[in-house]
Structure formats: C-alpha cells, structure tokens
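# A structural walkthrough
Given next are the chains, with one letter for each unit.
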Amino acid sequence: MGFQAAVLGLSLLPGFVWLFFFFEEDDHPEPKRLVALVFIVGMVSAIIVAFIGLLLKDYFFGSMTDLSLPYLAMASTLEELGKFVLVALFVRHMRAFDEPVDAMIYMVVGALGFATLENVAYLSQEASRNQLLTSVAQIASLRFVGSTLLHALCSGIVGYFWALSIRHFHRPEYILLGLFLASGLHTYFNYLIITYGSMFFVLPLLLVAGFFVLSDFEELKWRAV
C-alpha cells in the first residue's frame, strides 16, 4: 500500500510542480476551481487521444509497433490538437477568460493534466515490472524535465497563437500555425529521444522552447483581448 501511494505521489508531482511554476506567471491568478477543472479536462483529453490514437495507428500503420517519423508526427499532432480542442471548448466562454495570457495559462494547465495522466500510466507500468521505488523515482525525474515540461511548452505555444487569433478577430490561421509549431516541436522531441535514448540531446531544445514561451507570457501580460 505504501509503495503504491509513493508511486502515485511521484506520478502527480511533476505536473503539480510545473503547474505552480506557470501559475506564478499570471499576475491575475485564475479561479482555483476553474484551474482544477481545466486540469481534469486535460486528463480527459489524454484518454480520448489515446483511444483515437489506437484506432488511427491500427488503420494507417497496422498492429505492429511503429516508431517511424510519420507515426511520431501523427501521434504528436493528435495530442496537440486533442489538448487544444477540449480546453478551448471548455474555457472559451468562461467569464474568467478575460485577458490574452489566460489562453496560455489554461492551455498549459490542460497540458499538465494530460501529462499527469500519462505519468500515472507510465509509472504504474514501471512499478508493475520493477518493485524498486528508486527505479520509479528515476522515471519520474526524467519525465519531470522531459515529457511533462514538453507538454506544457507545446500547449503554451498553442495558447500564444490562440491569443493572437482572438486579437485578430478569431482568424483561424494563427491557431493552425500554433498547432503546426507545437506538433513539430513535439515530434522532434520524440524523434531525438527514440534515436539517441538520452535527455542530453533534448534539454537544449526544451531550454530554447522554454525561453520563447516565457517571453510570450511576458508579452501577453501587456495586451488586452
């Protein structure tokens, strides 16, 4: 029981740490209840995306394991699109959604919900194979600086272009550009991890993406929807 509780705690920790970090970027914090609901929406989107992803994989790539670039691109695009669609549908008419930076905040919150459910699945799988807590903790630490942060940054990019779309009379090309850039970053990250099997090659990519996302946060703080 104690081991399972520790695994669950390690699964939740990366998402909540990054949630606190990005939440501090908002000078006018969003309602905590709404933030919690968007986090749950992100979790729901992970379930929906996983189900659709399996169907598309079987249809286009067959039942065999396929880690080709086209498959990685499809999977990444589906995840970025799924996160955006569910979060946007949920928050776009909310009264609290009243400034440009909110688009980024809510997208990041949803992404962290998505990543947290992924972490629960991956760490539970690792725990079933290996009953050593140190092994589970190692996977959790890698996902903290890797895929969990990646999800937040990719959705932050989508949120930035969503905000630009709102400012430009809801022109959809801004959102499409954001989804394209986020999916490209996500695909390239997965490609590097699979090709080289080391975080060494992806950390510079995440640092550069993080710099631009934080700059976008600062830019949107001074704009009105």
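Coordinates for the structure precede this section.
Chains are numbered independently. Their residues run from 1 in the order of the written sequence. Note on the predicted model: pLDDT of at least 70 is required for a residue's local features to be given, and 80 or more for side-chain atom pairs to be given and counted; whole-chain, interface and lining totals, by contrast, use all residues. For side-chain calculations, the full set of non-hydrogen atoms in the structure is used, while hydrogens and water are omitted.

All right, on to a nonpolar patch on the surface then. A surface patch of nonpolar side chains, about 580 Å² in accessible area, is lined by Leu-37, Ile-40, Val-44, Ile-48, Phe-51, Ile-52 and Leu-55. Relative to the helices and strands, Ile-48 resides in helix α2 (residues 32-60). Exposure is judged per residue with a 1.4 Å probe applied to protein chains only, and the accessible area is read against the type maximum: over 50% gives exposed, under 20% gives buried, and values in between give partly exposed. Under the relative-accessibility criterion, Ile-48 is labelled partly exposed at 37%. Any residue with relative accessible area above 30% and no salt bridge may belong to a patch, with like charges joined within 9 Å and the nonpolar Val, Leu, Ile, Met, Phe, Trp and Tyr side chains within 5 Å. Computed by Shrake-Rupley with a 1.4 Å probe, the accessible areas treat only the displayed protein chains as cover when residues are assessed. Every case where a carboxyl oxygen of Asp or Glu lies within 4 Å of a side-chain nitrogen of Lys or Arg is listed as a salt bridge. Helix and strand definitions here come from DSSP, where helices need a minimum of 4 consecutive H or I residues and strands a minimum of 2 consecutive E residues; each element is numbered from the N-terminal end.

In the structure shown here, the tally under the stated rule is 4 salt bridges. Residue Glu-80 pairs with Lys-83 through a salt bridge whose shortest N-O separation is 3.1 Å. Placement of the pair is Glu-80 and Lys-83 together in helix α3 (residues 69-91), with a separation of 3 residues, close to one helical turn. Look at Lys-83 and you get buried, because its relative accessible area is 1%.

Another aspect to go through is helix α7 (residues 172-196). One less than the number of residues in a helix, times 1.5 Å, gives the span that helix is expected to have. For α7, which comprises 25 residues, the first-to-last C-alpha distance of 36 Å matches the rise-based estimate of 36 Å (1.5 Å per residue) to within 8%. For α7, the set of buried residues is Tyr-174, Ile-175, Gly-178, Leu-179, Ala-182, Ser-183, Leu-185, His-186, Thr-187, Phe-189 and Leu-192. Phi for Gly-197, located one or two positions after α7, is positive at around 60 degrees.

So, about the packing of aromatic side chains. Pairs were defined over the aromatic rings of Phe, Tyr and Trp, the Trp ring being its six-membered one, requiring ring centres within 6.5 Å. Orientation was assigned from the angle between planes: stacked under 30 degrees, edge-to-face over 60, tilted for the rest. For the structure shown, the criterion picks out 15 aromatic pairs. An angle of 40 degrees between the planes, with centres 6.0 Å apart, marks the rings of Phe-22 and Phe-217 as tilted. One end of the pair, Phe-22, is in helix α1 (residues 2-23); the other, Phe-217, is in helix α8 (residues 203-220), and 195 residues separate them in sequence. Comparing Phe-22 with Phe-217, the two get one shared label, buried. With a centroid separation of 4.9 Å and 85 degrees between ring planes, the pair formed by Tyr-59 and Phe-60 is classed as edge-to-face.

All right, on to the side chain of Ser-76 then. Position of Ser-76 among the secondary structure elements: in helix α3. Residue contacts are counted whenever heavy atoms from the two residues lie within 4.5 Å of one another. Those residues within four positions of Ser-76 in sequence are excluded, and the remaining contacts are Ser-183, His-186, Thr-187 and Asn-190.

Here the focus is the environment of Val-85. Take Val-85: it is sitting in helix α3. As for Val-85 and Val-35, which are separated by 50 residues in sequence, their C-alpha atoms are 17 Å apart.

The subject of this paragraph is the nonpolar core. Most often, soluble globular proteins have nonpolar side chains that are buried together. The biggest cluster of nonpolar side chains holds 52 residues, and the ones touching the most others in it are Phe-22, Phe-84, Tyr-106, Trp-162 and Phe-217. For this core, the secondary-structure elements that each account for two or more residues are α1, α2, α3, α4 (100-129), α6 (147-167), α7 and α8. Not counting chain neighbours up to four residues away, the residues in contact with Trp-162 comprise Phe-84, Ala-88, Val-91, Arg-92, Phe-97, Ala-103, Met-107 and Ile-175. Judged by nonpolar contacts, the second largest core, of 5 residues, contains Val-7, Leu-123, Ala-127 and Ala-140. By nonpolar core is meant a set of buried Ala, Val, Leu, Ile, Met, Phe, Trp, Tyr and Cys residues that side-chain atoms within 4.5 Å join together.

Further remarks concern the environment of Phe-97. Among the structural elements, Phe-97 can be located in the loop between α3 and α4. In this structure Phe-97 comes out as buried when scored by relative accessible area, which is 16%. C-alpha of Phe-97 to C-alpha of Glu-30: the two residues are 67 residues apart in sequence and 8.5 Å apart in space. With sequence-adjacent residues up to four places away left out, Phe-97 is seen in contact with Val-91, Arg-92, Asp-102, Ala-103, Tyr-106, Trp-162 and Ile-166.

Turning to the environment of Val-91, a few remarks are in order. Secondary-structure assignment places Val-91 in helix α3. Judged by relative accessible area, which is 0%, Val-91 ranks as buried. As a C-alpha pair, Val-91 and Phe-22 span 69 residues in sequence and 18 Å in three-dimensional space. Ignoring sequence-local partners within four residues, the contact set of Val-91 consists of Val-38, Phe-97, Tyr-106 and Trp-162.

Contact pair α4 / α6: the axes reach a minimum separation of 7 Å and the direction vectors enclose 150 degrees. With respect to α6, the element α4 is oriented roughly antiparallel. Note that α4 runs across α6; the crossing there is right-handed. Note on element contacts: α6 touches α4 through Ser-147, Thr-148, His-151, Ala-152, Ser-155, Gly-156, Val-158, Gly-159, Tyr-160, Trp-162 and Ala-163, opposite Pro-100, Ala-103, Met-104, Met-107, Val-108, Ala-111, Leu-112, Phe-114, Ala-115, Glu-118 and Asn-119. Broken down by class, the residue content of the contact of α4 with α6 amounts to 14 nonpolar, 7 polar and 1 charged. Axis lines are fitted through C-alpha atoms, for helices just across the contact stretch, and the angle between N-to-C directions can take any value from 0 to 180 degrees. Here is the rule for angles: anything less than 35 degrees is roughly parallel, anything more than 145 is roughly antiparallel, 65 through 115 is roughly perpendicular, and the remaining ranges are oblique. When the near helix sits turned anticlockwise from the far one by under a right angle, the crossing is termed left-handed; a clockwise turn instead gives a right-handed crossing. Residues are grouped as follows: nonpolar covers Ala, Val, Leu, Ile, Met, Phe, Trp, Tyr, Cys and Pro; charged covers Asp, Glu, Lys and Arg; every other residue, Gly included, is treated as polar.

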